[in-house]
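A structural walkthrough
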Amino acid sequence: MAAKSDGGGGGGGGGGPAVRLESPEAGGGRRTGGATPPARRYRLRDGCWVLCALLVCFADGASDLWLAAHYYVRGQRWWFGLTLLFVLLPSLVVQLLSFRWFVYDFAAGTKGSAGSTKDSARGPRGCCRLCVWLLQGLIHLLQLGQVWRYLRTLYLGLQSRWQAEHRRRHFYWRMMFESADISMLRLLETFLKSAPQLVLQLSIMVQQNSIEPLQGLSASASLVSLAWMIASYQKVLRDSREDKMPMSYKGAVVQILWHLFTIAARAIAFALFASVFQLYFGIFIVTHWCIMTFWIIQGETDFCMSKWEEIIYNMVVGIIYIFCWFNVKEGRSRYRMCIYYIITLSENAALTILWFLYYDRKTTSDFDALILVCVVSSSFALGIFFMFIYYCLLHPNGPMFSPRGGGCIFRQRPAPAPGPPADAVTSPPRSLPRTTGGERDGAPGERDSCVPVFQVRPRAPPAPAARAPRTEGPVIRIDLPRKKYPAWDAHFIDRRLRKTILALEYASPTTPRLQYRTAGAPQEVLEYETTV
C-alpha cells in the first residue's frame, strides 16, 4: 500500500489504495487556536458488555460440548455425531479465519517495524516473536481465538482509559478495530453453529416428546447467542461510523429481545416440520437460501474489497436470512423488512400447519400440539412487538413517530442546522472522517457541468443526527470512495489500510482525521488530494 507522510510518520506496503498524512502546516487541515474535541471515552458499561458477550460465548460452546458428551455416554451415537459436528466444523472455519487475520497483522507489523533486522531477529525480539507465534497457534488450536480477541478488546479498552491523551486515542482505535473483528467472527460462527444446533436440539425434543435439562440449556444458549450477536454486531457497526448515531444499550437489549423471539418462533417451526418431513425440510432450506441469496445479490451490496469476497459475503448473509432479518443495503429498510417478515410469517404458518396435520398422534397429544402452535405464533408476535418498540422509541436516529424521526407520520424536512462544512471530519473512530451521502453520490449532472473548481455548491441540509465534526489537525487522506452504511468503512475491512492508518496515527503528534475521496469532486481537486 502506497503511503506518504507529509507531516508525521507513515508506513505501508504496495498494492493498496493511496494513503497520505497531511499536517495543518502543509495544507491538510485548518489552523485553529481551539483545543481538539476529546474522542469518545471507553466506559465501564462497555467493559461489562464485553464480559457479558464472553459469558454468552462460553455458555454456548460449553453447553453444546456437555450435551454431546451426554449423548455419547447414553449410547445415542447419531445425536452425538450431529451435535459434535455442528460444534467443531464451524469452529474450525472461524479459527482458521481468525488465525489468518493474526498472521497478516503480525507479519505486517514485524515487517514494518524498525527493529526487524537480522541482528534483532537473532536476539530477544526474535525469541519474543517466536513465543507469540507459538502462543497464538496454541490458542487457535484449542479453539479459543474468539476468547482471546474478547480479552484483548477488554484490555485495549481499559488501556484507552488509563493512558495519556495521545496514547488513549491510539488504544481506542485499536479497540474499535478488534471489536469489529470479533463481531464479524462471532456473527459467522453463530449462524454456522448455533442456528443449526438450535434446530437440531428442538427436533430431538419434538421426536422424543420430552425436554431434558441439558437439551433445554443447549437450545437456550444457542438462541441467546444468535440474538446477542445480531444486536452486538449492529451496535459495533454504528459505533464505528461517525455519520451514524451510536446505539444505546437500552436499544441493544430491546433488539436482543426482538431477535430472540422471532428466531425462537422460526426455529420451533423448523423443528416441528423437520420432525415429520426430513427430506422436504432440507429442500425447503436450500430453496429459501437460494432465493434470499439472489435477492441480496440483486440489491448490489458493497461490503467487501473484491468481487469474490462480496459473493461469499452474500452467501453467508443468505444463511442469516434463513432465520432472521439483517439489513445489508442503505436507505429506508422498512419496505424490505416488511416483505421479509411477511414471507417469514407465511412460511412459519405453512410449516406449523403441515406438522399439525401429519404429526404422530401416538407420541404427541392434541393438547400438546395446540400448545406448540400457540408458542410459535405468540413468540413471533412478541418479536414483532419488540421490533416496534425499538423503532418507535429507541432507534438511534430518534423515535419513528416524532417530528425529528423519519417516521410514517411526520415527513417534513428538518431545518438546516448551523455548523462546519459537511466534508469536515472528526477524530477517530467515533472520530473518523466522514462524508455525507450527497457529497458521495453527487447531484444529477454535477460531474458534467462546467463550473469553477472551487465554487461552493448547494447541498442538502444535514440530518438531525449529525454531530459537529472536528476540522483542525492533520488529515489522513484515503484514495477510496467511502462505503455506504450498513457496510463497514474500508479501514475496518482492509487490513493493509488499517495497518497503515495505525502507523500514521501513532507517528502523528496529534490525532489525525480520516478523509475519503469525494466521488463528486472535480478531477483537479482529486489529483491534489490523493497520492498516486
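Throughout, residues of each chain are indexed from 1 in the direction in which the sequence is written. Only residues with pLDDT of at least 70 get local features here, since the model is predicted, and only at 80 or more are side-chain atom pairs given and counted; chain-wide, interface and lining totals rely on the full set of residues. Here the side-chain values reflect all heavy atoms present in the structure, with hydrogen atoms and water set aside.

1. Structural notes on helix α9 (residues 278-298)
Using the following cut-off: Each helix is a run of H or I in the DSSP string that is no shorter than four residues. Each strand is a run of E no shorter than two, and both are numbered from the N terminus. Each helix should span, by expectation, one fewer than its residue count multiplied by 1.5 Å. With a 1.4 Å probe rolled over the protein chains alone, any residue whose accessible area is under 20% of its type maximum counts as buried; one over 50% counts as exposed, and the rest are partly exposed. Here the arc refers to the set of directions running from the helix axis out to each C-beta atom.
Counted at 1.5 Å a residue, the expected span for α9 with its 21 residues is 30 Å, and the 31 Å between its end C-alpha atoms agrees. Listed in full, the buried residues belonging to α9 are Phe-281, Phe-284, His-288, Met-292, Thr-293 and Ile-296. Within α9, the buried residues cover an arc of 155° as seen down the axis, which keeps them to one side. In this structure, α9 carries Leu-279, Tyr-280, Ile-291, Phe-294 and Gln-298 as exposed residues pointing more than 90 degrees from its buried face.

2. A few points about the environment of Leu-202
Its place among the elements puts Leu-202 in helix α6 (residues 165-208). For the pair Leu-202 and Ala-274, spaced 72 residues apart in the sequence, the C-alpha separation amounts to 9.6 Å.

3. Quick word on the packing of helix α8 (residues 249-274) against α9
What counts is decided by this rule: A fitted line through C-alpha atoms serves as each axis, taken over the contacting stretch for helices, and the angle formed by two N-to-C directions is quoted from 0 to 180°. Convention used here: angles under 35 degrees read as roughly parallel, angles over 145 as roughly antiparallel, angles from 65 to 115 as roughly perpendicular, and any remaining angle as oblique. In what follows, a contact means two residues having at least one pair of non-hydrogen atoms within 4.5 Å. Think of it as three bins: nonpolar holds Ala, Val, Leu, Ile, Met, Phe, Trp, Tyr, Cys and Pro, charged holds Asp, Glu, Lys and Arg, and polar takes everything else, Gly as well.
The interhelical angle for the contact between α8 and α9, taken along N-to-C directions, is 140°, at an axis separation of 8 Å. It follows from the interaxial angle that α8 and α9 lie oblique. Note on element contacts: α9 touches α8 through Gln-278, Tyr-280, Phe-281, Phe-284, Ile-285 and His-288, opposite Arg-266, Phe-270, Phe-273 and Ala-274. Here the residues of the contact of α8 with α9 sort into seven nonpolar, two polar and one charged.

4. Notes on the confidence of the model for the chain
Convention followed: The pLDDT score gives, residue by residue, the confidence of the prediction method on a 0 to 100 scale.
Averaged over all residues, the pLDDT of the chain is 77; the fraction at 70 or higher stands at 72%. Per-residue pLDDT stays below 50 along residues 521-532; that stretch engages in 18 contacts with residues further than four places along the chain or on separate chains.

5. Some points on the nonpolar core
Inside soluble globular proteins, nonpolar side chains tend to come together where they are buried. Basically, it comes down to this: Only buried Ala, Val, Leu, Ile, Met, Phe, Trp, Tyr and Cys residues count toward a nonpolar core, and they belong to the same one when joined by side-chain atoms within 4.5 Å.
Phe-191, Trp-258, Tyr-321, Phe-326 and Tyr-341 are the most contacted members of the largest nonpolar core, which has 101 residues in total. Sort the elements by how many residues they give to this core and α8 lands first, with 17 residues. Apart from the residues lying within four places of it in its own chain, the contact partners of Trp-258 are Trp-325, Met-337, Tyr-341, Gly-383, Phe-386, Met-387, Tyr-390 and Tyr-391. Core analysis: the next-biggest nonpolar cluster, separate from the first, contains six residues, Tyr-71, Trp-79, Leu-200 and Ile-204 among them.

6. Notes on unusual backbone geometry
A cis amide bond links Tyr-485 to the next residue, Pro-486, at an omega of 15°. In this structure, Pro-486 sits in the loop between β3 (475-481) and α14 (490-493).

7. Structural notes on the environment of Tyr-104
As for its position among the elements, Tyr-104 is in helix α2 (residues 77-112). Look past the residues within four positions of Tyr-104 in its chain and what remains in contact with it is Arg-495 and Arg-496.

8. Examining the packing of aromatic side chains
Think of a pair of aromatic rings as described by two things: how far the centres are apart, and how the planes are tilted against each other in angle. The test is simple: Between 30 and 60 degrees the pair is tilted, below 30 it is stacked and above 60 it is edge-to-face, where a pair is any two Phe, Tyr or Trp rings, Trp via its six-membered ring, whose centres lie within 6.5 Å. Definition used: whenever NZ (Lys) or CZ (Arg) falls within 6 Å of the ring centre and also within 35 degrees of the ring normal, the charge is taken to sit over that ring.
Evaluation of the coordinates by the stated rule reveals 34 aromatic pairs. Here Phe-106 and Trp-133 contribute two aromatic rings whose centre-to-centre distance is 5.7 Å and whose plane-to-plane angle is 85°, an arrangement assigned as edge-to-face. Note that Phe-106 is positioned in helix α2 and Trp-133 in helix α4 (residues 124-141), a separation of 27 residues in sequence. A relative accessible area of 19% places Phe-106 in the buried class. Among the residues examined, Trp-133 registers a relative accessible area of 32% and is labelled partly exposed. Among the aromatic side chains, those forming a connected cluster through ring pairs are Trp-173, Phe-177, Tyr-233, Phe-326, Trp-488 and Phe-492. The lysine or arginine in question, Lys-235, covers the ring of Tyr-249, its NZ or CZ lying 4.2 Å from the ring centre. Taking NZ or CZ as reference, Arg-361 lies 4.0 Å from the ring centre of Tyr-359, over its face.

9. Describing the state of the cysteines
How we decide: Cysteine sulfur atoms that come within 2.5 Å of each other are treated as a disulfide pair.
Within the structure shown, the criterion is met by zero disulfides. The thiol sulfur of Cys-128 is not disulfide-bonded, and the nearest other cysteine sulfur, from Cys-131, lies at 6.3 Å.

10. Examining a nonpolar patch on the surface
Short version of the rule: The patches reported here contain residues having more than 30% relative accessible area and no salt bridge. Joining distances are 9 Å for like charges and 5 Å for nonpolar side chains (Val, Leu, Ile, Met, Phe, Trp, Tyr). Using a 1.4 Å probe, accessible areas were evaluated by the Shrake-Rupley method; residue-level cover was limited to the displayed protein chains. For this document, the term salt bridge refers to a Lys or Arg side-chain nitrogen within 4 Å of an Asp or Glu carboxyl oxygen.
On the surface, a cluster of nonpolar side chains totalling about 400 Å² of accessible area is made up of Ile-353, Leu-354, Leu-357 and Tyr-358. Counting through the fold element by element, Leu-357 comes out in helix α11 (residues 334-358). Judged by its relative accessible area of 51%, Leu-357 falls in the exposed class.

11. What about the pairing of strand β4 (residues 513-517)?
One face of the sheet, then the other: side chains in a regular strand alternate in exactly this way. In plain terms, the rule: By definition, two strands form a pair when at least two bridges between them are found by DSSP.
Buried residues dominate β4, accounting for four of its five residues. Bridge count for β3 against β4 is five bridges, and the pairing is parallel. Across the sheet, residue Ile-476 finds its bridge partner in β4, namely Leu-514.

12. Side note on the pattern of salt bridges
Tallying each qualifying case throughout the model produces 18 salt bridges. A salt bridge links Arg-266 to Glu-347; the shortest N-O distance between them is 2.5 Å. Highlighted residues: Arg-266 in helix α8 and Glu-347 in helix α11, separated in sequence by 81 residues.

13. Looking at the side chain of Asn-327
Keep this limit in mind: Two N or O atoms count as a polar contact when they lie within 3.5 Å, although within protein this holds only if one can serve as hydrogen donor and the other as acceptor, and sequence-adjacent residues are included solely when both atoms are side-chain atoms.
Take Asn-327: it is sitting in the loop between α10 (307-323) and α11. For Asn-327, a relative accessible area of 16% gives the class buried. Among the polar contacts listed, one links the side chain of Asn-327 to the backbone nitrogen of Lys-329, at a separation of 3.4 Å. A distance of 3.1 Å separates a polar atom in the side chain of Asn-327 from a polar atom in the side chain of Arg-336. In this structure Asn-327 touches Ser-333, Arg-336 and Pro-486, once residues within four positions along its chain are discounted.

14. Things to note about the side chain of His-491
Among the secondary structure elements, His-491 is positioned in helix α14. For His-491, the side chain forms a polar contact with the side chain of Tyr-516, separated by 2.5 Å.

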